[in-house]
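Analysis of the macromolecular model
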Amino acid sequence: MSRINILLNKAIWLLHQDRATSGLDYMSRVDGEEATWYYWMKKVEGVYELKFIDLLEDGDRETSKFVLRYYPDVDEDSLDDLSLAEQILRMGDLFDDSEVVIHKEVEECACCGGGGNPYEAADPDPGDESKFLKPFRKPIRSKGIPKLLLRKDMPPGFFKIGEYEFFMAGDSLLEAKLTTQDKLVSIAVDGVSLPDAEGKEREIIVPGAYNKQFPALKYCEKFNDFVLERWLVHLGYKAVNSDKTIEQGTVVKEFNTGKSEYELSDEVNKIIIKTSFGKGDN
């Protein structure tokens, strides 16, 4: 097991023990995938996924790489900022939008929350039979995540809003690096058409128009604040220096052949946020 995975698991356990100040409604590991977790953050409508993708080791040095995804809620305004294909996928059967229902006494995963006896015995009131049973579990929010067995069918670039790198020496975390853009922009060079109810092709996006304009930085900053102010603080780390670099960003040109071209553009900015850490009062 990688050292970042050990660190992540410890942070998750500590956050779980201190939910009141964790900034989370719930969190859940993705079964069968190393160091991959969903985060349902308070005051955020959608769900974040931080997925481990690579590990580089050099002596006692370790660099781990993660992809950050954001799954908007079906009623969230930012859903319209995704590409048409992402919107269709998000609204379709690949996602589980059933209600998260958390048992009040038995710990359950938010992915699986539900089931079991929905009632508990209460003090009976002879004058009101309806008070004899009361709800044992309470709904929190919708799951809003890909169904476990269908995750493999989701294109790897869909819903991606940024990338993380964590740099460790021994068991100590030295630095975190977040890379994203202020906007994720794609252009439908040939336009996009879809069949209507009668099977006739209807133009949905005209040639050369935007297919996606997602405010990635806005959502990355919310998650990064959680990482720096909640996640790592629970491990005893504090940020001692933070540096933000702004570079020319990339726009994606998409063709109906399935080909994509990536071009540097002054229309968007690439943002790199590096944060170094210390322990305790050091």
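See the structure above.
From a predicted model like this one, the values you see are computed outputs, not experimental measurements.

Scoring rules and cut-offs
Residues numbered from 1 in each chain as written. Predicted model: local features only at pLDDT ≥ 70, side-chain atom pairs only at ≥ 80, totals over all residues. Heavy atoms only, no water. Patch = residues over 30% accessible without salt bridge, like charges linked within 9 Å, V, L, I, M, F, W, Y side chains within 5 Å. Areas by Shrake-Rupley, 256 points an atom, 1.4 Å probe, with all protein chains shown as cover. Salt bridge = Lys/Arg side-chain N within 4 Å of Asp/Glu carboxyl O. Lys, Arg positive; Asp, Glu negative; His and termini not counted. Charge placed at Lys NZ, Arg CZ, Asp CG, Glu CD. Helix = DSSP H or I, 4+ residues; strand = E, 2+ residues; numbered from the N terminus. Buried < 20%, exposed > 50% of the residue type's maximum accessible area, 1.4 Å probe, protein only. Pairing = 2+ DSSP bridges.

Some remarks on a negative patch on the surface
On the surface, Glu45, Asp75, Asp77 and Asp80 cluster together into a patch of negative charge. Examined against the element boundaries, Asp75 turns out to sit in the loop between strand 4 (61–71) and helix 2 (84–90). Overall, the relative accessible area of 66% leaves Asp75 in the exposed class.

Here we look at the pattern of salt bridges
According to the stated counting rule, one finds 18 salt bridges in the structure shown. Of the charged contacts, one joins Arg3 and Glu62 as a salt bridge, the two residues approaching to 3.4 Å between their closest N and O atoms. Taken together, the residues span a long stretch of sequence, with Arg3 in helix 1 (residues 3–17) and Glu62 in strand 4 at a distance of 59 residues. Here Arg3 falls in the buried class, since its relative accessible area comes to 17%. A relative accessible area of 2% means that Glu62 is categorised as buried. A salt bridge links Glu221 to Lys244; the shortest N-O distance between them is 3.6 Å. Here Lys244 lies in strand 17 (residues 237–254) and Glu221 lies in helix 3 (residues 216–231), a separation of 23 residues in the sequence.

Points about the pairing of strand 4
Taking burial as the measure, the 11 residues of strand 4 include nine buried ones, the bulk of the element. Of the strand pairs in this sheet, strand 3 (residues 47–58) and strand 4 are connected by 11 bridges, and their pairing is antiparallel. Within the sheet, the bridge partner assigned to Glu49 lies in strand 4 and is Arg69. The loop that links strand 3 with its antiparallel partner strand 4 comprises two residues; one of these, Gly59, has a positive phi angle of about 65°. For strand 4 and strand 11 (residues 160–169), the ladder comprises nine bridges, and the chain directions are antiparallel. Residue pairing in the sheet places Thr63 in a bridge with Phe167 of strand 11.

Honestly, that's just the spatial picture; any functional story needs more than this.
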